Amino acid sequence: MQSVNHVNTLIKKSNALRITDSERSLEIAGEAFTLAEDAGMIGEKIMCLLIMAVCLDRLGRYDEAKERLHTALHILEKHRDPVKENNARALLANIYMETGELKKARDLYLACAEHYRKSGHQLNKGVMFALIANVYTRLTDLDSALNYHFKSLKIFQDHKNLHSEASTTHNIAVVYSELGDLTHAIEFFNRSLKLFTEVGDQGFMANSLNGLANIYRKTKQFDKGLDFALQAIELNEAAGNTNGMTCALLTAGKICIELGQDKKALDFANKSLLLARKMKSPLFQAKALHCIGNLHASKKQHNQALNHLKNGLEYAEKIDSKKIKHKLHQKLSATYEATGDYLNALFHHKQFQKTKESVFNEESDKRIQMLKIRFETEQKENENRIYRLKIDQQRREMVALIRTMTEQNDLIQSMQDAMSQPVKSMSHLTLLVKERKELLKDSAEFHKQFNKAFPGFIDNLRQAYPSLTRQELNICAMIRLELTSQEIAKTLFITKRSVHWHRHQIRKKLGIDSQVDLGVFLKNH
């Protein structure tokens, strides 16, 4: 018992330090793991492996982090724990994202999303969809990226999770911007800006402002773009957002070049480069060096221009950014030609031509994807409109039938009242019985209409959870129709308390806890 307590104390201590002091946390987790292994404590061993993986990831020791997670997953194959198994998958997927193993990351995120779908944790499923969308964005499969972003957006909106809704809206704007659909990009950047303002997140507000600044730069509305970029710089500084500040400074620098404000442009670009070096970001260093090289070339400061452009090319090669390499080769060729070095000018011109086809094909693919998305979106909107009209009509019919069933129960009550009194008129009681028969037909019609609107719902539930009673299946159907407990009670001629008891029994049989929304679970079944 003392050994168990000691291991758990070490795990708590390690977990508390994993963000602030990853080295120390890793050391403590390693000690706890050894003790847990000696004592045969399976759950604690897995917990130690997960903490170690997080620490190793934060320290940039990705291969070791992967090794710990694979070990954890191997143990979990024998000792099933769906929650820990899913956590291990998600952590491994995050590391694959960092190491550029994108398809592996996507497959793991998809497995995590399926786990959350089955367990009814819709919000977590939405997070996984957002991560899958980010993978597809990096794979330049922008059609799939938008598809998953919109799926996650709906979940976040349903759960009224403003911050996640704002982040996803921002990411949708980024994808539209990549596709060259600037109208939709502006619409979604403005939406995300409004949501982030409501939440009060200055860093993310700055990201949306910077997105708008870049679009206005592309549409040659430079004064407007610079205004947004400067607002983004101010907010990033207040929020201490280094990554966002680097982006905003670079955007401001590019816009100042277009406005002929070279001194300001160089100042912004140099500040951006300084921050990019602190972050050790090859992408931002390549972009900043390209911007500075362009400025020196425009002033005929060829040696300085070549120095910055060649350094930028080295970073672009590291991340294999075709677009940036394409631009740098073009500028290097022109700069070498200006200095009379025709051999290097020819070399970079050939490299420029070599990357040109690749970049053109990429841009062409994006254009095709954008047109395809527009067509499919319009088609889906029309289909959804027709579907919503049909469902709305069917729901109205079912609600009308439910009201009739409620009247039926009122009738039963009146029959009971009549039978409890001395019989004054047998014809009156006969009339009540006839009406009862008619209303029973309506009850059967309700089930018929429900099965038409939600085909297979009852049968699938019955097959998946055979212990559900007929009454519980009826209640599931009414929850699916979004009826309140009061409405269900009146319809089924039972008390509201009985409905709550049945709900509890249904949750037990479905294997879901009180944190999971029963209505959402049934809707997604």
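Basis of the calculations
Residues numbered from 1 in each chain as written. Predicted model: local features only at pLDDT ≥ 70, side-chain atom pairs only at ≥ 80, totals over all residues. Heavy atoms only, no water. Helix = DSSP H or I, 4+ residues; strand = E, 2+ residues; numbered from the N terminus. Buried < 20%, exposed > 50% of the residue type's maximum accessible area, 1.4 Å probe, protein only. Contact = heavy atoms within 4.5 Å. Areas by Shrake-Rupley, 256 points an atom, 1.4 Å probe, with all protein chains shown as cover. Phe/Tyr/Trp six-rings, centres within 6.5 Å; stacked < 30°, edge-to-face > 60°. Salt bridge = Lys/Arg side-chain N within 4 Å of Asp/Glu carboxyl O. Axes fitted to C-alpha atoms, helices over the stretch in contact; angles between N-to-C directions. Parallel < 35°, antiparallel > 145°, perpendicular 65-115°, else oblique. Left-handed = near helix turned anticlockwise from the far one by under 90°. Nonpolar A, V, L, I, M, F, W, Y, C, P; charged D, E, K, R; others polar. Expected span 1.5 Å × (residues − 1). pLDDT = per-residue confidence, 0-100. Core = buried A, V, L, I, M, F, W, Y, C linked by side-chain atoms within 4.5 Å. Arc of directions from axis to C-beta.

Chemist: Mind laying out the overall build of the protein chain, listing which residues take part and the relevant values?
Modeler: If you tally the helices and strands in the protein chain, you get 24 helices and 0 strands. The burial tally for the protein chain puts 43% of its 525 residues in the buried class. The long-range share in the protein chain, meaning contacts at least 24 apart out of those at least 6 apart in sequence, stands at 55%. Total accessible area computed for the protein chain in this model is approximately 28500 Å², and 51% of it derives from carbon and sulfur atoms.

Chemist: An account of the packing of aromatic side chains is needed here, citing residue identities and associated values.
Modeler: Taken as a whole, this structure holds 6 aromatic pairs when the rule is applied. Ring centres 5.9 Å apart and planes at 75° place the aromatic pair Phe-150 and Phe-188 in the edge-to-face group. Placement of Phe-150 in helix 8 (residues 142-158) and of Phe-188 in helix 10 (residues 182-199) is noted, with a sequence separation of 38 residues between them. With relative accessibility at 33%, the residue Phe-150 sits in the partly exposed group. Look at Phe-188 and you get buried, because its relative accessible area is 4%. Taken together, a centroid distance of 4.9 Å and an interplanar angle of 20° make the contact between Phe-196 and Phe-204 stacked. A relative accessible area of 0% means that Phe-196 is categorised as buried.

Chemist: Explain the pattern of salt bridges to me, using residue names and the numbers behind them.
Modeler: Under the counting rule described, the total for this entry stands at 14 salt bridges. The shortest N-O distance in the salt bridge between Glu-64 and Arg-61 comes to 2.9 Å. We classify Glu-64 as partly exposed; its relative accessible area is 28%. Residue Glu-114 is joined to Arg-117 by a salt bridge in which the shortest nitrogen-to-oxygen separation is 3.0 Å. Of the two residues, Glu-114 and Arg-117 are both situated in helix 6 (residues 102-119); the distance of 3 residues between them amounts to about one turn of the helix. Taking relative accessible area as the criterion, Glu-114 reaches 33% and is therefore assigned partly exposed. Judged by relative accessible area, which is 32%, Arg-117 ranks as partly exposed. Salt bridges sharing partners connect three or more residues here, namely Asp-63, Lys-66, Glu-101 and Lys-104.

Chemist: How would you summarise the packing of helix 7 (residues 122-138) against helix 8 if you had to cite specific residues and measurements?
Modeler: Working note: a packed helix pair is described by the angle between its axes plus the distance between those axes. Close contact between helix 7 and helix 8 brings their axes to 8 Å; oriented N to C, the two are set at 160°. Our classification of the angle between helix 7 and helix 8 gives roughly antiparallel. Classified by chirality, the crossing of helix 8 by helix 7 is left-handed. Within the contact between the two elements, helix 7 uses Gln-122, Leu-123, Lys-125, Gly-126, Val-127, Phe-129, Ala-130, Ile-132, Ala-133, Asn-134, Tyr-136 and Thr-137 and helix 8 uses Leu-142, Ser-144, Ala-145, Tyr-148, His-149, Lys-151, Ser-152, Ile-155 and Phe-156. Of the residues in the contact of helix 7 with helix 8, the class split is 12 nonpolar, 7 polar and 2 charged.

Chemist: Go over the side chain of Arg-106 with me, naming the residues and quoting the values.
Modeler: Mapped onto the elements of the fold, Arg-106 is located in helix 6. Aside from chain neighbours lying at most four places away, what touches Arg-106 is Ile-132, Val-135 and Tyr-136.

Chemist: Lay out helix 5 (residues 82-98) with the relevant residues and their values.
Modeler: At 3.6 residues per turn, the α-helix brings residues three or four places apart onto the same side. Taking 1.5 Å of rise per residue, 17 residues should cover 24 Å, and helix 5 covers 25 Å from first to last C-alpha, within 8% of that figure. Those residues of helix 5 not exposed but buried are Lys-84, Glu-85, Asn-86, Ala-88, Arg-89, Ala-90, Leu-92, Ala-93, Ile-95, Tyr-96 and Met-97. Buried residues along helix 5 sit in contact with helix 3 (42-58), helix 4 (62-78), helix 6 and helix 7. Immediately downstream of helix 5, the backbone of Gly-100 shows phi near 80°, a positive value.

Chemist: Requested: an account of the confidence of the model for the protein chain, with residues and values cited.
Modeler: On average, residues of the protein chain carry a pLDDT of 83, and 82% of them reach 70 or more. With pLDDT under 50 throughout, residues 429-442 is counted as low confidence; its partners more than four residues away or in other chains account for 18 contacts.

Chemist: I'd like a description of the nonpolar core, backed by residues and values.
Modeler: Counting 88 residues, the largest nonpolar core has Met-52, Leu-69, Tyr-109, Met-128, Ile-132, Tyr-176 and Ile-233 as the members making the most contacts within it. For this core, the leading source of residues is helix 3, giving 9 residues. Every residue in contact with Leu-69, bar those within four places of it in the chain, is listed here: Leu-50, Ala-53, Ala-88, Leu-91, Leu-92 and Ile-95. Membership of the second largest hydrophobic core comes to 27 residues, among which are Leu-473, Leu-510, Ile-512 and Phe-521.

Chemist: Can you lay out unusual backbone geometry for me, pointing to particular residues and giving the numbers?
Modeler: At Lys-220, a position not held by glycine, the phi torsion is positive, near 65°. Inspection of the secondary structure assignment puts Lys-220 in the loop between helix 11 (202-218) and helix 12 (222-239). On the accessibility criterion, Lys-220 (61% relative accessible area) is exposed. At Lys-300, a position not held by glycine, the phi torsion is positive, near 65°. Position of Lys-300 among the secondary structure elements: in the loop between helix 15 (282-298) and helix 16 (302-319).

Chemist: Pulling in residues and values, what's your account of helix 22 (residues 485-492)?
Modeler: Of the positions making up helix 22, those classed as buried are Ser-485, Ile-488, Ala-489, Thr-491 and Leu-492. Angularly, the buried residues of helix 22 cover 165° about the axis, an arc narrow enough to put them on a single face. Downstream of helix 22 by one or two residues, Phe-493 has phi in the positive range, about 60°.

Chemist: Just give me the short version of the environment of His-6, but keep the residues and values in it.
Modeler: By the secondary structure assignment, His-6 is in helix 1 (residues 2-17). Excluding its chain neighbours within four sequence positions, the residues that come into contact with His-6 are Glu-31 and Leu-35.

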